[in-house]
Amino acid sequence: MAEPVIDDTTIWSESRDEDLDGLSCRMAKAALGHRVLLAGLLAEIDLYPGQDRVLIALWDHGPQSQNKLAGLLGIDVSTMTRSLQRLERSGFVSRVPCPSNRRISIVSTTPRGDALRPEVQRVMAEVHRRMVQGLTPEQVATLCSLLDVVRDNLCGEDACGTCVE
């Protein structure tokens, strides 16, 4: 008697009903909840999700080339370009040609962008507070460790960019 053929579609269809309340669903809902909360709080200070990470990276690492900044955050260069255009139009960052290679743009925060720092920190603290509400410090540490493993399993080390806190 021949063995039944089992492929990825068979496995998926058999586990689909289980996964509606399973790990993938929980992960997706948690990520969506995080993004909705973050977007709402950032909108209060005239930022879009992702722009906070750009500003934090610039505050933490100083002026960067556009390409290095994209690499640091693990995002596509064209996505970085669009984000920087918005930030520049809002007056939060500036781009100037690199003195040694004028084809490279150096990105830095403006005084107006630097003035956002306490507000971005407030938003990040509120998001963090809501995420860990009801968890002990030990549970938070375990959750972070487990999420690092999941991220590495899905993305490979540093392929998804680094967390900027």
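**Considerations on the overall build of the protein chain**
At step 1: Helix and strand counts for the protein chain stand at 8 helices and 3 strands.
At step 2: Reading the protein chain from its N end, one meets helices and strands in the order α-α-α-β-α-α-β-β-α-α-α.
At step 3: A buried classification covers 25% of the 165 residues belonging to the protein chain.
At step 4: Taking contacts inside the protein chain between residues at least 6 apart in sequence as the whole, the part at least 24 apart equals 55%.

**Considerations on the packing of helix α4 (residues 66–73) against helix α5 (residues 77–89)**
At step 1: Across the interface, α4 lies against α5 with an axial gap of 9 Å and an inter-helix angle of 110°. Relative to α5, α4 is oriented roughly perpendicular. The residues of α5 that touch α4, namely those facing Gln66, Asn67, Leu69, Ala70 and Leu73, are Val77, Met80, Thr81 and Leu84.
At step 2: Grouping the amino acids of the contact of α4 with α5 by side-chain chemistry returns 6 nonpolar, 3 polar and no charged.

**Focus: the nonpolar core**
At step 1: Counting residues in hydrophobic clusters, the biggest one holds 25 residues, and the most contacted among them are Leu47, Val54, Leu55, Leu69, Leu84, Leu87 and Leu116.
At step 2: Contributing elements (two or more residues each) for this core: α2 (23–43), α3 (51–61), α4, α5 and α7 (117–132).
At step 3: With 6 residues, α3 is the single largest residue contributor to this core.
At step 4: In this view, Leu47 contacts Leu42, Leu55, Leu87, Phe92, Leu116 and Val120; residues no more than four positions away in its chain are not counted.

**Comments concerning α4**
At step 1: Taken together, the buried positions of α4 are Gln66, Leu69, Ala70 and Leu73. Projected down its long axis, α4 shows its buried positions confined to an angular sector of 100°, all on one face. Pointing more than 90 degrees away from the buried face of α4 are the exposed residues Asn67, Lys68 and Gly71.
At step 2: Each element contacted by the buried residues of α4 is listed here: α3, β1 (64–65), α5, β2 (93–97) and β3 (105–109).
At step 3: Following α4 by one or two positions, Gly74 adopts a phi angle in the positive range, close to 70°.

**Overview of the sheet that holds β1**
At step 1: With respect to topology, 3 strands assemble into an open sheet ordered β1-β3-β2, the strand pairing being antiparallel. Two strands bound the open sheet, and with one partner strand each, they are β1 and β2.
At step 2: The sheet contact formed by β2 and β3 spans 5 bridges and is antiparallel. Paired with Pro97 across the strands is Ser105, a residue of β3.
At step 3: Relative to the sheet, α5 contacts β2 and β3, its axis offset from that of β2 by approximately 115°.

Cut-offs and rules
- Residues numbered from 1 in each chain as written.
- Predicted model: local features only at pLDDT ≥ 70, side-chain atom pairs only at ≥ 80, totals over all residues.
- Heavy atoms only, no water.
- Helix = DSSP H or I, 4+ residues; strand = E, 2+ residues; numbered from the N terminus.
- Buried < 20%, exposed > 50% of the residue type's maximum accessible area, 1.4 Å probe, protein only.
- Contact = heavy atoms within 4.5 Å.
- Axes fitted to C-alpha atoms, helices over the stretch in contact; angles between N-to-C directions.
- Parallel < 35°, antiparallel > 145°, perpendicular 65-115°, else oblique.
- Nonpolar A, V, L, I, M, F, W, Y, C, P; charged D, E, K, R; others polar.
- Core = buried A, V, L, I, M, F, W, Y, C linked by side-chain atoms within 4.5 Å.
- Arc of directions from axis to C-beta.
- Pairing = 2+ DSSP bridges.

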